[in-house]
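# Notes for the structure review
Chain by chain, the residues run as shown.
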Amino acid sequence: MDRFRQIEVFIAAVEHGSIAAAGRALDLSPAMAGKYLSALESTLATRLLQRSTRALSLTDAGQQYLATSKRIMEALAEADAEAREGRSQLAGEIRVGVPRAFGTLKLAPMLTAFCRAHPQITLNLQTDERYADLIDGRLDLAVRIGTLSDSALYTRPLGSVRMGLGCAPGLLGAHERQNVLLIRQLPRLVFTAARSPGDWMVSDSDNRAYAVDGPTAMRSDDITLLVRAAAEGLGIVYAPMFALDEPLDDGRLVRVLDDHQTTRLDLQIVYTDRHHQPVRVRALIDHLASGFQD
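Attention in this report is confined to the structure presented alongside it.

### Re the nonpolar core
Where a protein is soluble and globular, its nonpolar side chains tend to be buried together. Core analysis: the biggest nonpolar cluster contains 58 residues, and Ile94, Leu141, Val143, Leu165 and Leu284 have the highest contact counts within it. Excluding residues within four positions of it along the chain, Val143 makes contact with Gly97, Val98, Pro99, Phe102, Leu107, Leu158, Leu267, Gln268, Ile269 and Leu288.

Okay, structure coming up:
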């Protein structure tokens, strides 16, 4: 029997709640839909669904197989579409995960340029400072800053992001801004979604390391909110330079300990499959990589 048809029946049975409903959705009789499902379970030598007179429920094996099956069918649909339209056709949707502040402050112009160059592509951007699961989120790729814990992901390095300290001009005098002992006593505005070690660490010219570990005035997973609070004089903020550049340029913030070394975080694109990417996804990856090399 057609293995893909078996998988279609299995997915439809779960989504519609019964084998009969799956048959109706796929234009099959209930008996034939049941045969497809039984054949699949026989091939796998395991039960995927628990059947009762009222409902179906997934077994543990069925739960795992459902996720895999959906990815298989999505890949098949993608392959069919590419075969019909031609692999050189840059069209369709790309689902991208990006850090919220980085997307707004740095990626927006690059993504806008990509959309203008390829008007038949739709970018679906999922913004979150926390790392989204690419499979659960059905993301084609994600841009990530910091240490990666998932070694199963493929990566395309983009460079690094430098961290920096800033505060309102009136909070410290010009000479006080380089005084580590004084700065360690100031209230901090702490970013709670940081994913890398070394936060709030600086090193002087003799490579002596200091932790800036004063009292905490505010915590947030929104780095732009913390930068705004720093500009209002609430305390000092330790943030990526892309989040500090604009308020530094317009004078709302000043650099703190700018004669010290701060952490650099890896910046990279991550994705789950490097062999079967749609051409539009590869085009976006290349576009972003080129933009950070300029």
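There is more to say, and it comes next.
### A few points about the side chain of Glu129
Among the structural elements, Glu129 can be located in the loop between β4 (121–127) and β5 (141–145). One buried charge, Glu129, has no salt-bridge partner; the nearest side chain with opposite charge is Arg100, at 5.2 Å. A polar side-chain atom of Glu129 sits 2.9 Å from the main-chain amide nitrogen of Ala101. Setting aside its immediate chain neighbours within four residues, Glu129 contacts Pro99, Arg100, Ala101, Phe191, Ala193, Asp221 and Ile223.

### Details of unusual backbone geometry
The phi dihedral of Ala45 falls on the positive side, at around 60 degrees, and the residue is not glycine. Residue placement: Ala45 occurs in the loop between α3 (30–44) and β1 (49–51). With relative accessibility at 70%, the residue Ala45 sits in the exposed group. With phi around 55 degrees, Arg138 is a residue other than glycine that occupies positive phi space.

### Regarding the pairing of β5
Here β5 lies mainly inside the structure; five of its five residues are buried. What you see with β5 is no split at all: Leu141, Val143 and Ile145 on one side and Ala142 and Arg144 on the other are buried throughout. Alignment of strand β3 (residues 92–98) against β5, held across two bridges, turns out to be parallel. When the sheet's bridge partners are listed, Val96 is paired in β5 with Leu141. Pairing analysis gives four bridges linking β5 to strand β13 (residues 264–271), with the strands arranged antiparallel. Among the inter-strand pairings, Ala142 is bridged to a residue of β13, identified as Val270.

### What to know about the layout of surface pockets
Space inside the second largest pocket adds up to approximately 390 Å³. Elements with a minimum of two residues in the lining of the second largest pocket: β3, α5 (100–117), β4, β5, β7 (188–191) and β11 (236–240). It is β5 that provides the largest number of residues to the lining of the second largest pocket, a total of four residues.

### Concerning the environment of Arg188
Here Arg188 shows up in strand β7. Arg188 sits in the buried class, given a relative accessible area of 14%. Beyond its immediate sequence surroundings of up to four residues, Arg188 is in contact with Trp200, Val212, Asp213, Gly214, Pro215, Thr216, Ala217, Met218 and Ile236. In this structure the side chain of Arg188 is engaged in a polar contact, spanning 3.4 Å, whose partner is the side chain of Thr216.

### Looking at the pairing of β7
Here β7 shows no split at all, with Arg188 and Val190 on one side and Leu189 and Phe191 on the other all buried. Relative to strand β10 (residues 216–220), β7 runs parallel, the two sharing four bridges. Opposite Val190, over in β10, you have Arg219 as the bridge partner.

### Describing helix α1 (residues 3–16)
Look at α1: 20 Å from first C-alpha to last across 14 residues, which is about the 20 Å you get at 1.5 Å a residue. Along α1, the residues classified as buried are Gln6, Ile7, Val9, Phe10, Ile11, Ala12 and Ala13. Among the residues of α1, the N-terminal cap falls to Asp2, whose side-chain oxygen and the backbone nitrogen of Phe4 are separated by 3.0 Å. Positive backbone phi, at 90 degrees, marks Gly17, one or two positions downstream of α1.

Rules and cut-offs
The numbering scheme is per chain: residues are counted from 1 as the chain's sequence reads. Local features in a predicted model are, by the rule used here, given only for residues with pLDDT of at least 70; side-chain atom pairs are given and counted only at 80 or more, and totals for whole chains, interfaces and linings are based on all residues. Note that water and hydrogens are dropped before the side-chain values are worked out from all heavy atoms of the structure. What makes a nonpolar core is a set of buried Ala, Val, Leu, Ile, Met, Phe, Trp, Tyr and Cys residues whose side-chain atoms join them at distances within 4.5 Å. Note on classification: 1.4 Å probe, protein chains only; a residue is buried when its accessible area is under 20% of the maximum for its type, exposed when over 50%, partly exposed between these limits. Throughout, a contact is declared for two residues whenever any of their heavy atoms are within 4.5 Å. We count a stretch as a helix when DSSP gives it H or I for four or more residues in a row; a strand needs E for two or more, and each element gets its number in order from the N terminus. Residues scored as positive are Lys and Arg, those scored as negative are Asp and Glu, and His as well as the terminal groups of each chain are ignored. A carboxyl oxygen of Asp or Glu within 4 Å of a side-chain nitrogen of Lys or Arg is what we treat as a salt bridge. Each polar contact in these results corresponds to two N or O atoms within 3.5 Å; when the atoms are within protein, one needs to be able to donate a hydrogen and the other to accept it, and residues that are neighboring in sequence are counted only if both atoms are side-chain atoms. Here the rule is simple: two strands pair whenever DSSP picks up at least two bridges between them. Lining residues are defined by having an atom within 4 Å of a point belonging to a cavity or pocket. Those points lie on a 1 Å grid over the protein atoms alone, cavities being sets where a 1.4 Å probe fits but cannot get out and pockets being open sets with protein on both sides within 12 Å along at least five of seven lines. Grid points are joined across faces, edges and corners, and a volume is the space filled by probe spheres set on the points. Every helix has an expected span of 1.5 Å times one less than the residues it contains.

Structural measurements only, silent on function.
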